[in-house]
Amino acid sequence: MDFQWYPGHMTKAKRQMQEDIKLIDLVIELVDARAPESSRNPDINELGRQKARLILLNKADLADQEKSRQWKAYFRGRGFLVVELDARNKKRMKEIQDAILLSCREKIERDRKRGIKNRPVRAMVVGIPNVGKSTFINSFAGKACTKTGNKPGVTKGKQWIRLNKNVELLDTPGILWPKFDDRSVGMRLAWIGSMNDSLLNTEELSLELIRFLTAFYPGVLAARYQLEEDGGDAQTAAPEILGEIARNRNCIRTGGEIDFGRAAALLIEEFRSGRLGRITLEEPDAI
Ligand code: G4P
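Quick caveat: nothing in here was measured; it's all calculated off a predicted structure.

Draft legend 1. Seen up close, the pattern of salt bridges. Evaluation of the coordinates by the stated rule reveals 29 salt bridges. The shortest N-O distance in the salt bridge between glutamate 282 and arginine 188 comes to 2.8 Å. Taken together, the positions of glutamate 282 in the segment after α11 (260–272) and arginine 188 in helix α7 (residues 183–191) put the pair 94 residues apart, joining distant regions of the chain. When its relative accessible area of 8% is taken as the criterion, glutamate 282 is described as buried. What makes arginine 188 buried here is its relative accessible area of 18%. A salt bridge links arginine 211 to glutamate 208, with the nearest nitrogen and oxygen atoms 3.8 Å apart. Of the two residues, arginine 211 and glutamate 208 both sit in helix α8 (residues 202–216), three residues apart, roughly one turn of that helix. What emerges from the salt-bridge pattern is a single network uniting Arg183, Glu204, Glu208 and Arg211.

This is the structure:
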């Protein structure tokens, strides 16, 4: 499967982000907790140089809790502040505000020494497609905040969401593009829905997902689709398992032929929505 994916509008998005980043103090980077490394774009380290950084392990409700703990330790070990999150949950937002202020403490202290008081921290949200950027901005901004724009020193037309007297958020997220040479990274991004599905071969994706799950989360498929077993040689067994899933979910064409395409789409959808359970697709190399 060819994972080449660099639409032209990403070049424009990168240029826009380079401009926007000049206006802010803090980069809030959302990654998908199920694939925290694959869902990052390494260029953000260059783009966000000299800015405070906060990583949100979003969709943590779908990820393996033990693996999320390992990922938090991994990123902390590299000097990032990290918070696990379900961006749909508005209740956690106070905690995020605290993390924002903590990650910008050096800037706040610098301002204080220079006699600047009450200058809010400015932040922007960045991440690859589908990691939850818009959901986060909506939850975080809530109803209480007011939008501000066209202030002196702010590029005309930029909208800032004033969260409170301490924090302002740029209302449009920075869209990063997935970046990888490795096929397995492309595969993970496709499974979590961060690639354009129309470019992908759903059946191949689902067979690879079956191979991954039988190797790393044995029993999950068997329990969900009442399979006889999902162990054995997953390489050769994957098409058979997909066939069993199809039969279990009645993905059968008129005439009795198995509809592998429909079963494949169903499996991927059930994985994405967490119906297969909490699953993380990669582990940190070393902490
Ligand atoms: P983006 O701006 O980064 O592209 O992502 P967006 O907020 O549009 O979120 C993509 C999908 O992920 C949405 O689902 C959203 O509801 C879901 N989502 C975001 N954050 C979380 C989270 O922490 N946990 C879970 N489980 N889901 C999350 P959708 O199906 O595309 O839309 P909708 O039907 O939910 O509106």
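Picking up where we left off.
Draft legend 2. The site of the ligand, seen in detail. The immediate surroundings of the ligand are formed by 15 residues, with Asp61, Ala87, Lys133, Ser134 and Thr135 found nearest. Contacts to the ligand include lysine 59, whose side-chain N or O atom sits 3.0 Å from an oxygen atom. Compared with its free state, where it exposes 710 Å², the ligand has 60% of that area covered by protein. With three residues, helix α6 (residues 133–141) is the single largest residue contributor to the shell around the ligand. When its residues are assigned to classes, the shell around the ligand shows five nonpolar, five polar and five charged.

Draft legend 3. Spatial organisation of the pairing of strand β7 (residues 167–170). Side chains Val167 and Leu169 of β7 all project onto a buried face; the interleaved residues Glu168 and Leu170 project onto the opposite face, where all are buried too. In this sheet, β7 lies alongside strand β4 (residues 121–127) in parallel orientation, the contact comprising three bridges. Its bridge partner being in β7, alanine 123 is matched across the sheet by leucine 169. Pairing of strand β6 (residues 159–162) with β7, which is carried by three bridges, proceeds in the antiparallel orientation. Bridge pairing in β7 links isoleucine 161 to leucine 169. Linkage of β6 to β7, two consecutive antiparallel strands, is achieved through a turn of four residues.

Draft legend 4. Geometry of the packing of aromatic side chains. For the structure on display, the rule yields eight aromatic pairs. Each ring, one from phenylalanine 212 and one from tyrosine 217, has its centre 6.2 Å from the other, and the planes form 45°; the classification is tilted. Residue class for phenylalanine 212 comes out buried when judged on its relative accessible area of 11%. A network of ring pairs unites the aromatic residues Trp71, Tyr74, Phe75 and Phe80 as a single cluster. Positioned above the aromatic ring of phenylalanine 80, the side-chain terminus of arginine 40 is 5.2 Å from the ring centre. In this structure, arginine 122 packs its charged tip against the face of tryptophan 160, placed 4.9 Å from the ring centre.

Reading the values: rules and limits
- Here the residue numbers are simple positions, counted from 1 along each chain's written sequence.
- Selection of residues for local features in this predicted model requires a pLDDT of at least 70, selection of side-chain atom pairs for listing and counting requires 80 or more, and totals for whole chains, interfaces and linings are taken over all residues.
- With hydrogens and water stripped out, all remaining heavy atoms of the structure feed into the side-chain values.
- By salt bridge we mean one thing: a side-chain nitrogen of Lys or Arg within 4 Å of a carboxyl oxygen of Asp or Glu.
- In this text, helices come from DSSP runs of H or I with a minimum length of four residues, and strands from runs of E with a minimum of two, each type numbered from the N-terminal end.
- Each residue's exposure class comes from its accessible area (1.4 Å probe, protein chains only) as a fraction of the maximum for that residue type: buried when under 20%, exposed when over 50%, partly exposed otherwise.
- When we say a residue is near a molecule or strand, we mean one of its heavy atoms is within 4 Å of it.
- Side-chain atoms alone can form a polar contact between residues adjacent in sequence; in general such a contact is a pair of N or O atoms within 3.5 Å, and within protein one must be able to donate a hydrogen while the other accepts it.
- Every accessible area reported is derived by Shrake-Rupley at a probe size of 1.4 Å, with residue values counting cover from the shown protein chains alone.
- By the convention adopted, Pro, Cys, Tyr, Trp, Phe, Met, Ile, Leu, Val and Ala count as nonpolar, Lys, Arg, Asp and Glu as charged, and the other residues, Gly among them, as polar.
- Strands qualify as paired when DSSP identifies two bridges or more between them.
- Between rings of Phe, Tyr and Trp, where Trp is taken as its six-membered ring, a pair exists when centres lie within 6.5 Å; planes separated by under 30 degrees are stacked, by over 60 edge-to-face, and by other angles tilted.
- The criterion is that NZ of a Lys, or CZ of an Arg, lies within 6 Å of the ring centre and within 35 degrees of the ring normal, and then a charge sits over that ring.

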